[in-house]
Amino acid sequence: DTGVSQDPRHKITKRGQNVTFRCDPISEHNRLYWYRQTLGQGPEFLTYFQNEAQLEKSRLLSDRFSAERPKGSFSTLEIQRTEQGDSAMYLCASSFGQATNEKLFFGSGTQLSVL
Amino acid sequence: AQSVTQLGSHVSVSEGALVLLRCNYSSSVPPYLFWYVQYPNQGLQLLLKYTTGATLVKGINGFEAEFKKSETSFHLTKPSAHMSDAAEYFCAVSEGSGGSNYKLTFGKGTLLTVNP
């Protein structure tokens, strides 16, 4: 169990630029989640994949955001035309199984700063 | 819709003292409840969870929490604080069986400081 890996750890970008983050879940995990955490707040749900299918997207995920999970393995989260309000920690988590109470394993996150 | 309220954004205790972190939730369906801990520069780690059954739940590192439906609470306790417990703690709720149980709603977190 190598844990959930996220890359990069930190990203600084200028407003209007596009950014892409990567998440590598624990290898046998079929569920993958993206959350966003801003300063002083708890994580907020963004989207959820079961295998390669994106099953739910939060209203927080505007049209500028897109997430993919090709082949049900790693996932990418892209933000187009970044805005200062996008500055946050982006967290990825994964879990295994169909059970309703399986444990989520979180990565250390990607800290995005939009200047 | 679900929500979580954590009373106290910052709690400070002395080493060896009781730790009590408060969490109240709102849910229109029977909830699943969780406590996660976040150490600096690390990912969130599950401490304990309540789904069904026994309302007193024991977790890792000596922590426990009790689900009280009548009070809509899920407070986290530890009898004796250790310096290594210093971290940020998040309470979370999800819809239980039959609902969107994969989606967690988190509280704002409580930063625990342990003084020597």
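Computed from a predicted structure; not experimentally measured.

### A few points about the overall build of chain B
Next, step 1: When helices and strands are counted, chain B shows zero helices and 11 strands.
Next, step 2: Listing each helix as α and each strand as β along chain B from the N terminus yields β-β-β-β-β-β-β-β-β-β-β.
Next, step 3: Principal axes of the C-alpha set define a box for chain B whose edges measure 45 × 30 × 20 Å.
Next, step 4: A total of 116 residues make up chain B; the buried ones form 46% of that total.
Next, step 5: Sequence separation of at least 24 residues holds for 58% of the intrachain contacts in chain B that already meet a minimum separation of 6.
Next, step 6: Split by element, the accessible area of chain B, about 5400 Å² in all, is 51% carbon and sulfur.

### Looking at the environment of Thr47 of chain A
Residue and element names in this part refer to chain A.
Next, step 1: Mapped onto the elements of the fold, Thr47 is located in strand β5 (residues 44-50).
Next, step 2: Sequence spacing of Thr47 and Cys92 is 45 residues, and the spatial spacing of their C-alpha atoms is 9.8 Å.
Next, step 3: If sequence neighbours within four positions are ignored, Thr47 has contacts with Leu32, Tyr33, Trp34, Gln54, Glu56, Lys57, Leu61 and Ala67.
Next, step 4: Within the local environment of Thr47, its side chain forms a polar contact with the backbone oxygen of Glu56, the two atoms lying 2.7 Å apart.

About the cut-offs
Residues numbered from 1 in each chain as written. Chains lettered and ligands numbered in written order. Predicted model: local features only at pLDDT ≥ 70, side-chain atom pairs only at ≥ 80, totals over all residues. Heavy atoms only, no water. Helix = DSSP H or I, 4+ residues; strand = E, 2+ residues; numbered from the N terminus. Buried < 20%, exposed > 50% of the residue type's maximum accessible area, 1.4 Å probe, protein only. Contact = heavy atoms within 4.5 Å. Areas by Shrake-Rupley, 256 points an atom, 1.4 Å probe, with all protein chains shown as cover. Polar contact = N/O pair within 3.5 Å; in protein donor to acceptor, adjacent residues only side chain to side chain.

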